[in-house]
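The lines below spell out each chain.
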Amino acid sequence: MTTKYFLLLVLTAASLRMLAPSSSLAQSREIEVAFLSDIHLQDVYATLHSADFKGVFHPKTGKYATIRSMKSQLNSTRLFNENYFAFIQALEDLKHKGIRLVVLPGDFTDDGQPMNVLALQGILERYAEACGMRFFLTTGNHDPVKPYGGIGGKKDFLAADGSEQAIAGDADFFPSEKVAVSSQINYWGYEEITHALSDFGFFPAAQDLFWAHPFQELDVDGYDFRRAMENSRLDQRLYKTENSEKLVPDASYVVEPVARVWLLALDGNVYTPSGANWSGSSVGFNQAVTAKRHQLEWIKKVALEAAKRGKTLISFSHYPLVDFHDTASDAMKSLFGEQKFQLARVPSPETSSEYAKAGIRIHFAGHMHINDTGMFKEAVSGKTLYNVQVPSLAAFPPAYKILTLPEPETMEISTIQLETVDRMDEFFDLYRVEQQWLLQTDDPKRWNPRILDARDYLDYTRNHLLQLTESRFIPTDWPENLAAVLQELSQMDLERWAGMGSEDGENFLMKKLEETNQTERPDDFQGKLIEDFYLLKNGDELGKNLIPAVRLRFYESFFLKLLHKPLSESQVLDAQLVRFFSIFKQLYHSLPSDHFLIDLRQEEIRRFEKKPSSLETTPQR
């Protein structure tokens, strides 16, 4: 054991002794676990240790802000800046609710850079010490980006004049840019990230009742904390990559933080050696099912041991294990294409089957920045696997999940949406400077300033999704004519089209395309179809709650009118629209995803009528 690692061991054990013992967590009648996914934390006031750039001086705070431009945020599926405050708000919410077990299923930082990992470390330590919270993390494709780290950089930090400033670990990282050099923006690898966050699940803790990783025997009866610490070093948790002799860490673990509950943290990252470098993947378990076969075999052992001992096994990973589009993914591939809508990330039925057979019954995942509940029933064994998609705090809908265990085999899951976030508008004045710069330079990618009029954080993320849809999703993911006609059709147009045959329907739609931008929009419905589609696809029941009741009533009646609508492949646009509404209907009639109960014994899932609010404050336990 190295001196460095021995010192880490001593410091870790000492810090953990300061926390409340696990027995106190189990004294309440119900065990509660919160899941906060895809935080993508970036330190918005980082110390860059750079002679070239230290951030933008912010008169409101008197500090130098290290934030990304609004232009970059509106071209990304996630926010970079305001999500920092959303994370703090969520932790404050958990503090008031008295919840002390908190899971972070990957992408907990922007890209695993030192400044962001250390900022996360400081935040987690603060809430652990002040509130007795315990955090359990697993890796995501953004942390680490590369298994052994490397030089990194970003082009889009906001400069004082509103332009963008490149920052990298090497001056030549962006050859055509004027680069500010800072090692704080490099990529950290497994060793640096897990050691900085060693108190948060990646290694055993003194108060855990049990902890193990895939490369050791499951010796529950003979469990010893000191021996577990000695066997938890990363150099003992390596596997060979496919078609290579190169070794990569697998940071998976199982832990019993309170009696009768096992948290199974699955590292689903897959890396491929490319010469002296490594390439990562965001595909998830479709690759891990073969590339990490050792992990799947270990899951089987863990599930059997948990069942034998009467433990409730709760699996979590960055990556989903079940179709997260309400079984509409195949239809989406047919309409949009297999590489659109990130459909390569959808677990195949064969992948879901493998993990269901392995014994996973409930799994919490992130990665997709959506709210959803999926269910897969394995044909041969009859085993059912539930996949709960935890939304991102950095995108719409900004929310987290709370799992409550009122009794064994029964799981209540509530979704807490963040509406009000303190300090959400802290950088809005700096964005206005950026907007002026874009106007002065006549930048074609200048953004719509209406996002700065957001009422609250929910409205802000909804605006982010709307602008992202307009600028990126529609141009890259949608058939051109389908997107155009969906933005032109009125409610009356749709009702007329529903009663037409394929050929007449095609002619009607083509005529509507010719009339694009030539007629006034007769109702509030026109132009809302794609927006509502994304509210349902990303937000599920949370998004559905934002669609006006009049449109919801129309959709429900319209689906019935389409039951006997013919489909002819020769009438391309007509067929595309029929397929679109078939997908829309599947997303609309989804499994519960807001506040619901899963009964593992009866294999039932049902909605709760009343859900808790993010503004509720419950007494500290």
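Owing to the predicted nature of the structure, the values given are computational and were not obtained by experimental measurement.

Some points on the overall build of the chain
Helices and strands together make up the secondary structure of the chain, namely 21 helices and 23 strands. Here the C-alpha radius of gyration of the chain, 25 Å, is about what a compact globule of 621 residues would show, namely 25 Å. Oriented by its inertia axes, the alpha-carbon framework of the chain measures out at about 75 × 60 × 55 Å. Within the chain, contacts between residues separated by at least 24 positions form 73% of all contacts whose residues are at least 6 apart in sequence. Within the structure as shown, the chain displays about 25100 Å² of accessible surface, and the carbon and sulfur contribution to it stands at 49%. With 67 positive and 86 negative side-chain charges, the chain shows a spacing of 3 Å between the two charge centroids.

Considerations on the packing of helix α10 (residues 293-308) against helix α12 (residues 349-358)
Geometry of a packed helix pair, given as the angle between the helix axes and the separation of the axes. Relative orientation of the contacting elements α10 and α12 amounts to 35 degrees, with a least axis distance of 8 Å. Contacts between α10 and α12 involve R293, L296, I299, K300 and A303 from the former and E354, Y355 and A358 from the latter. Split by residue class, the contact of α10 with α12 holds five nonpolar, no polar and three charged.

Thoughts on the sheet that holds strand β23 (residues 604-607)
Read across the open sheet, the seven strands follow the order β5-β4-β1-β20-β21-β22-β23; overall the sheet is mixed. For this open sheet the edge positions go to β5 (134-138) and β23, each flanked by a neighbour on one side alone. Put simply, the sheet's adjacent strands are angled 20 degrees from each other on average, direction ignored. Sitting on the sheet, helix α5 (residues 114-131) touches β4 (101-105) and β5, and the angle it makes with β5 is about 150 degrees.

Here's the deal with the packing of helix α17 (residues 502-514) against helix α21 (residues 572-588)
In the contact formed by α17 and α21, the axes pass within 7 Å of each other and the chain directions differ by 95 degrees. With respect to each other, α17 and α21 are oriented roughly perpendicular. Between α17, through S502, G505, E506, L509, M510 and L513, and α21, the contact on the second element is made entirely by V572, L573, D574 and L577. For the contact of α17 with α21, the class distribution of residues is six nonpolar, two polar and two charged.

Examining unusual backbone geometry
Across residues other than glycine, the phi torsion is negative in most instances, and most of the peptide bonds are trans. The residue after D143, namely P144, is reached through a cis peptide bond having omega 5 degrees. Put simply, F396 and P397 share a cis peptide bond, and its omega is -5 degrees. Of note, H40 is a non-glycine position whose phi angle comes to about 50 degrees, a positive value. Phi at D442 is positive, roughly 55 degrees, even though this residue is not glycine. As for its placement among the helices and strands, D442 is situated in the loop between α13 (428-440) and α14 (457-477).

Brief notes about α21
Here α21 contains 17 residues, and its C-alpha end-to-end distance of 24 Å stays within 8% of the 24 Å for a straight helix at 1.5 Å per residue. Most of α21 sits out of view: 12 of its 17 residues are buried. Along α21, the positions that sit buried rather than exposed are L573, D574, A575, Q576, L577, V578, F580, F581, I583, F584, L587 and Y588.

Points about the pattern of salt bridges
Counted according to the given criterion, the structure contains 34 salt bridges. Linking D208 and R134 is a salt bridge whose minimum nitrogen-to-oxygen distance equals 2.8 Å. Highlighted residues: D208 in the loop between α7 (198-202) and β9 (210-212) and R134 in strand β5, separated in sequence by 74 residues. Across the salt bridge formed by R606 and E604, the nearest N and O atoms sit 3.4 Å from each other. The exposure class assigned to R606 is partly exposed, which follows from its relative accessible area of 41%. Members of the salt-bridge network, linked through shared partners, are R68, R78, D110 and D156.

Some details on the nonpolar core
Within the largest apolar cluster, 97 residues are counted, with the highest numbers of intra-cluster contacts made by L36, F87, F135, L137, F364 and Y460. At eight residues, helix α4 (residues 83-97) tops the list of elements feeding residues into this core. Non-local contacts of F364, meaning those with residues more than four positions away in its chain, are made with F35, I314, S315, F316, S317, V388, V390, L403 and I413. Core analysis: the second largest hydrophobic core is formed by 52 residues, F341, L562, F580 and F581 among them.

As for the sheet that holds strand β8 (residues 179-181)
One open sheet accounts for three strands, arranged β6-β7-β8; its pairing is mixed. In this open sheet, the two strands that pair with only one neighbour each are β6 (153-158) and β8. Averaged over all pairs of adjacent strands, the angle between their axes in this sheet comes to 35 degrees, without regard to strand direction. Pairing geometry for strand β7 (residues 164-168) and β8, over three bridges, is parallel. What sits directly across from A168, in β8, is V181.

Notes on the pairing of β5
Of all the five residues making up β5, five are buried; the element is thus mostly covered by neighbouring parts of the structure. Sheet topology note: the β4/β5 ladder contains five bridges and is parallel. Its bridge partner being in β5, L104 is matched across the sheet by L137. Regarding topology, α5 serves as the crossover connection from β4 to the parallel β5, and that connection is right-handed.

Considering the environment of K71
Its place among the elements puts K71 in helix α3 (residues 70-73). On the accessibility criterion, K71 (17% relative accessible area) is buried. Considering only alpha carbons, one finds K71 and K445, 374 residues apart in sequence, at a separation of 7.3 Å. The contacts of K71, once residues within four sequence positions are left out, are E164, E434, L438, D443, K445 and W447.

Here's the deal with the packing of aromatic side chains
Between two aromatic rings, the relevant description is the distance of the centres plus the angle of the planes. If you walk through the whole model with that rule in mind, you get 43 aromatic pairs. With a centroid separation of 6.2 Å and an interplanar angle of 85 degrees, the aromatic rings of F341 and F533 are classed as edge-to-face. Of this pair, F341 sits in the loop between α11 (329-336) and α12 while F533 sits in helix α18 (residues 529-539), and the two are 192 residues apart along the sequence. Each member of the pair F341 and F533 is classed as buried. Pairing F559 with F584 gives two aromatic rings, centres 6.1 Å apart and planes at 50 degrees, and the pair type is tilted. Linking F559 in helix α20 (residues 549-561) with F584 in helix α21, this pair joins segments that are 25 residues apart in sequence. Taken as a pair, F559 and F584 share a single burial class, namely buried. Stacked on the ring of F157, the Lys or Arg R68 has its end atom at 5.6 Å from the ring centre.

Some details on the confidence of the model for the chain
Averaged over the chain, the pLDDT score is 92; the fraction of residues at 70 or greater is 92%. Below a pLDDT of 50 lies the segment residues 1-28, which in the model reaches 37 contacts outside its immediate sequence neighbourhood of four places, other chains included. Within the model, pLDDT remains below 50 along residues 611-621, and this stretch shows 26 contacts once partners closer than five positions in the same chain are excluded.

About the thresholds
Residues numbered from 1 in each chain as written. Predicted model: local features only at pLDDT ≥ 70, side-chain atom pairs only at ≥ 80, totals over all residues. Heavy atoms only, no water. Helix = DSSP H or I, 4+ residues; strand = E, 2+ residues; numbered from the N terminus. Rg over C-alpha atoms; globule rule 2.2 N^0.38 Å. Contact = heavy atoms within 4.5 Å. Areas by Shrake-Rupley, 256 points an atom, 1.4 Å probe, with all protein chains shown as cover. Lys, Arg positive; Asp, Glu negative; His and termini not counted. Charge placed at Lys NZ, Arg CZ, Asp CG, Glu CD. Axes fitted to C-alpha atoms, helices over the stretch in contact; angles between N-to-C directions. Nonpolar A, V, L, I, M, F, W, Y, C, P; charged D, E, K, R; others polar. Pairing = 2+ DSSP bridges. Parallel < 35°, antiparallel > 145°, perpendicular 65-115°, else oblique. Expected span 1.5 Å × (residues − 1). Buried < 20%, exposed > 50% of the residue type's maximum accessible area, 1.4 Å probe, protein only. Salt bridge = Lys/Arg side-chain N within 4 Å of Asp/Glu carboxyl O. Core = buried A, V, L, I, M, F, W, Y, C linked by side-chain atoms within 4.5 Å. Right-handed = clockwise from strand over helix to strand, strands pointing away. Phe/Tyr/Trp six-rings, centres within 6.5 Å; stacked < 30°, edge-to-face > 60°. Lys NZ or Arg CZ within 6 Å of the ring centre and 35° of its normal. pLDDT = per-residue confidence, 0-100.

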